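Residue-level listing of the chains:
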Amino acid sequence: MSKFESLLRYLLHPQKRRVDSFAEFTIKVVAATSILLILLIFLFVFKEASSLFFSPPKAKISSETQVPSSYGEAPTSYGSDAPSEYNPDGGGQIHLGPKPTAKEEVPNEEPSLWENLIGTIWQPISTIPKFGILPLIVGTAKTTFIAILIGAPLAILAALNVTFFLPMRIREFIKPTIELLASFPSVVIGFFCLMDVATVVKSVFDLDFRLNAITGGIGLSIAVIPIIFTVAEDALNTVPQSYRQASLALGATEWQTAYRVMLPAALPGVFAAVLLGIGRAFGETMIALMATGNAPLMSFGVFDPSRTFAATIGAEMGEVIWGSNHYNILFLLGVLLFVFTFSLNAVTELYVKKRLMKKFHGS
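Residues numbered from 1 in each chain as written. Predicted model: local features only at pLDDT ≥ 70, side-chain atom pairs only at ≥ 80, totals over all residues. Heavy atoms only, no water.

## Quick look at the pattern of salt bridges
Oppositely charged side chains may form a pair once their charged atoms are brought near each other.
Right, on to step 1. In total, this model carries seven salt bridges according to the counting rule given.
Right, on to step 2. For Lys 175, the salt bridge goes to Glu 233, with nearest N and O atoms at 2.9 Å. Of this pair, Lys 175 sits in helix H5 (residues 168-180) while Glu 233 sits in helix H7 (residues 213-237); the two residues are 58 residues apart in sequence, bridging distant segments of the chain.
Right, on to step 3. Of the residues examined, Lys 175 reaches a relative accessible area of 23% and is grouped as partly exposed.
Right, on to step 4. According to the relative accessible area criterion, Glu 233 is buried, its value standing at 3%.
Right, on to step 5. In this structure, the salt-bridge partner of Glu 316 is Arg 307, at a minimum N-O distance of 3.0 Å. Neither Glu 316 nor Arg 307 differs from the other in exposure class; each is buried.
Right, on to step 6. Within the structure, one salt-bridge network assembled from shared partners comprises Lys 175, Glu 233 and Asp 234. (Salt bridge = Lys/Arg side-chain N within 4 Å of Asp/Glu carboxyl O. Helix = DSSP H or I, 4+ residues; strand = E, 2+ residues; numbered from the N terminus. Buried < 20%, exposed > 50% of the residue type's maximum accessible area, 1.4 Å probe, protein only.)

In structure tokens form, the structure reads like this:
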């Protein structure tokens, strides 16, 4: 009996077929459960955010004019016309002063919901709460831009170096070391930026604030470098070696070959790596919470404190009143985070994998 016949008989054995069917069924159930849980999470987030727009309007706040009361014997200065009540616990009468005749409506100076959301002040705890998300958008954009501006070139250059210039022994050591950064807890990176990076940045640039957007951006770049490096290095390795050999045969140097031949050929994967890094920086919580100053300032300066969407949710969700506008707006920020990351994934899927790959194949 040949090896092929033995393998075929093994695969077609009824008992093995039952085991394979059970394993296939288990995989399908686990996959379906995972997808269902993700959908339920999305539905919950969207439901809580939609309550902000579809819930019934709340009643206006009203108050009564209150006058401090006086206890004990009536002073002679009150006179006989002052209203009073008998105190059953002793001590004479309780003089209440002038009684309020009607409720006084508090002026409704609160702007509409949309005017509030597009405002420039985020101050949810105040007499008139302000939920302007523009400072949060600016803060998130600043820190994400700084993180990608620092992290993407370093990660791509590291991927080029590891792929084309380092010996195999050193490559096998360097690559896992860089990827090990991805396993670092965010709170550790945030604490490192809080204690060390902030001090260095303040002394180098002579700043007034230790914690600012550039400090947070440096911390976020540490978090995105392993992701961009891993995906970019895999993309560079998938380029056929015949491209490299042809370039070297034509007289190009190793650096010219890596930069002008191999990197453009791997551009779809490198572009996808950068987009994944943007999504990672955009949704990071602990680093942004600890290293950016966590101040919702409407400022485009990279040396000013800032605040991100994720940091706002992480800082305020634990103490917010359930069902309040503040509560629903925090979920709205979560929806915006989801929409942004979903858009990045859609761009990666539709643009990178289709258009750039068509351009790469010459079609």
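## Digging into the packing of helix H6 (residues 186-205) against H7
Right, on to step 1. One can describe the packing of H6 onto H7 by two numbers: an axis separation of 9 Å at closest approach and a directional angle of 135°. It follows from the interaxial angle that H6 and H7 lie oblique. The hand of the H6/H7 crossing is right-handed. Residue-level contacts link Ile 189, Phe 192, Cys 193, Val 197, Ala 198, Val 201 and Phe 205 of H6 to Ile 214, Thr 215, Ile 218, Gly 219 and Ile 222 of H7.
Right, on to step 2. Across the contact of H6 with H7, the residue classes break down as 10 nonpolar, two polar and no charged. (Axes fitted to C-alpha atoms, helices over the stretch in contact; angles between N-to-C directions. Parallel < 35°, antiparallel > 145°, perpendicular 65-115°, else oblique. Left-handed = near helix turned anticlockwise from the far one by under 90°. Contact = heavy atoms within 4.5 Å. Nonpolar A, V, L, I, M, F, W, Y, C, P; charged D, E, K, R; others polar.)

## Some thoughts on the nonpolar core
Within soluble globular proteins, side chains that are nonpolar generally end up buried alongside one another.
Right, on to step 1. Of all hydrophobic cores here, the largest spans 43 residues; its most connected members are Ile 228 and Leu 236.
Right, on to step 2. Breaking this core down by element, the ones donating at least two residues are helix H4 (134-164), H6, H7, helix H9 (254-265), helix H10 (267-283) and helix H11 (286-291).
Right, on to step 3. The element best represented in this core is H7, accounting for 11 residues.
Right, on to step 4. Sequence-distant contacts of Ile 228, defined by excluding residues within four places in its chain, comprise Ile 148, Ala 152, Ala 155, Ile 156, Ala 273, Val 274 and Gly 277.
Right, on to step 5. Counting residues in hydrophobic clusters, the runner-up holds 20 residues, among them Ala 49, Leu 136, Tyr 327 and Ile 329. (Core = buried A, V, L, I, M, F, W, Y, C linked by side-chain atoms within 4.5 Å.)

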